[in-house]
Amino acid sequence: MKSSDLFARAQTLMPGGVSSPVRAIKPYPFYVERAAGSHLTTVDGTDLIDCCLGYGPLILGHAHPAVREAIERQLEKGWLYGTPTPLELDLAGVITGDHPAVEMVRFVSSGSEATMAAIRLARGYTGKQDIIKIEGGFHGAHDAVLVKAGSGATTLGVPDSAGVPASLVAHTRQVPYNDPEALETLLAEDDDVAAFILEPVMGNVGPVLPDDGYLADVREITAAYDVLLILDEVITGYRAGIGGAEVLYGVKPDLATFGKIIGGGLPIGAFGGRRDIMELVAPAGPVYQAGTFSGNPASLAAGYAALRHLHEHPEIYRRLDEATRAIGEAAADAGKGTFVRIGSLFKHFFRSEPPRDYREVKECDTEAFSRFWKAMLETGIFLPPSQFETNFLSAAHTTQDIEQIADAYRSCLFA
Ligand code: PLP
């Protein structure tokens, strides 16, 4: 069946025809038959260079041999036990070893679960109720953080979800990114704040980069007001480098959340941080958290294999940085909009200056983006279909892929 037919049927079976909103590309999404390395093959027989990479987890590309072998080895031994496994210690050891702020870790099944649990833990630890998030920050699809959320929520124009109790949202306060004064002002007036949660680099409307010193300011201000700092590293973890944004920017959070890359492309999430806080998590302490699929062996095996490969090949990060620089140079030739990148995250914003916060991101010309996105797809390059989602590169993108992407930027931005 062709993509158009599959989507017609999907719309009768699933709301909007999809399993997650941002996939509902108009007039219909392409359906993927298989993927390998940097390429997707659709059911319609089209070959695409993939710069979406499952929205970030696949830093090694599709079906990377080391990860595939680890999954296959695990499948032979079964894939769900409902008991602890030695694999948990392997992955927990790598994550705690790479992140000085993460002394203990708990595995869950998604990034959303990780931020939900980290927020509960912060409330349990401090005894306070409010949280502060960044306007346009995205931390998953649970109630407390679905307020002015980025990602698909912004793309579809529903940054505040129906069905979220007003009483609950009243405990979620917002400040603009890159504005330490706004954070300090809010903390001075609200003495019931348990935690400030932020993506160190805004990945879900960006990348929008932190101003010099912003993350250090945030650390200082939260500490001064006895508010826990939660770094949401679901995107930046192992993408900003080994040790994520914590190490790249030298900022030490009280808690951190992870997902995406740490599962090697299988579902996973994790939260971790200071031992004295983590020891409040059940069964060690009174903050309840649990999950049937938490720490599932296949995800742990895949994640461990991926992280080991990154440790063994740290040159991957330099290569990816050079690759996005080359694409950025091609984009700059067009003299239209502005290209922002950090490592393997990149985006062309249809706005004259790099945005510094959500308000500025929303000033982008989304119609120009749509035309550009379609033109890129026609040349065989799949970018996430929104001005408000970051693009990703993987170690599997070849020099030829990068040249093709750079050429496409040149031609599609000039069009
Ligand atoms: N936090 C951030 C920064 C994310 O980018 C995402 C997902 O894109 C999440 C949390 C939620 O993760 P998941 O989609 O695995 O629930």
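The structure presented is a predicted model; accordingly, all values stated were derived computationally and were not measured.

Enquirer: Describe in detail unusual backbone geometry, supporting the description with residues and values.
Expert: Among all residues save glycine, negative phi is the norm, and among peptide bonds the norm is trans. Each neighbour pair has its own omega, and for G206 with P207 the value is 25°, a cis peptide bond. You can see P207 is positioned in the loop between β7 (193-198) and α8 (214-224). Following A282, the chain continues to P283 via a peptide bond in cis, the omega torsion being 5°. Inspection of the secondary structure puts P283 in the loop between α10 (275-278) and α11 (297-312). Positioned with a positive phi, N178 is a non-glycine residue whose angle comes to about 60°. Looking at the secondary structure, you find N178 in the loop between β6 (172-175) and α7 (180-189). The backbone of Y238 sits at a positive phi, close to 65°, despite the residue not being glycine. In this fold, Y238 is placed in the loop between β8 (228-232) and α9 (244-249).

Enquirer: Help me get a handle on the pattern of salt bridges, residues and values and all.
Expert: One pass over the full model with this rule turns up 16 salt bridges. Between R219 and D254 there is a salt bridge, with its nearest N and O atoms 3.0 Å apart. With a gap of 35 residues between them, R219 in helix α8 and D254 in the loop between α9 and β9 (255-259) connect regions that are remote in the sequence. With respect to class, R219 is no different from D254; both count as buried. In this structure, R351 and E363 form a salt bridge, with 2.8 Å as the shortest nitrogen-oxygen distance. Here R351 is found in the loop between β12 (345-349) and α13 (358-361), whereas its partner E363 is found in the loop between α13 and α14 (366-378), with 12 residues between them in sequence.

Enquirer: Quick one: what's the story with a nonpolar patch on the surface, residue by residue and with numbers?
Expert: Together, L75, W79, L80 and F293 give the surface a local cluster of nonpolar side chains, amounting to about 430 Å² of exposed area. Looking at the secondary structure, you find F293 in the loop between α10 and α11.

Enquirer: Which residues make up the UniProt feature "modified residue: N6-(pyridoxal phosphate)lysine" (unreviewed entry) in the protein, and what values do they have?
Expert: When the UniProt feature table is mapped onto this chain numbering, "modified residue: N6-(pyridoxal phosphate)lysine" (unreviewed entry) sits at K260. Along the chain, the position of K260 falls in the loop between β9 and β10 (269-273). Apart from residues lying up to four places away in sequence, K260 is in contact with Y55, G56, P57, V234, I235, G265 and I268.

About the cut-offs
- Residues numbered from 1 in each chain as written.
- Predicted model: local features only at pLDDT ≥ 70, side-chain atom pairs only at ≥ 80, totals over all residues.
- Heavy atoms only, no water.
- Helix = DSSP H or I, 4+ residues; strand = E, 2+ residues; numbered from the N terminus.
- Salt bridge = Lys/Arg side-chain N within 4 Å of Asp/Glu carboxyl O.
- Buried < 20%, exposed > 50% of the residue type's maximum accessible area, 1.4 Å probe, protein only.
- Patch = residues over 30% accessible without salt bridge, like charges linked within 9 Å, V, L, I, M, F, W, Y side chains within 5 Å.
- Areas by Shrake-Rupley, 256 points an atom, 1.4 Å probe, with all protein chains shown as cover.
- UniProt positions renumbered as here; feature names shortened; annotations may be inferred.
- Contact = heavy atoms within 4.5 Å.

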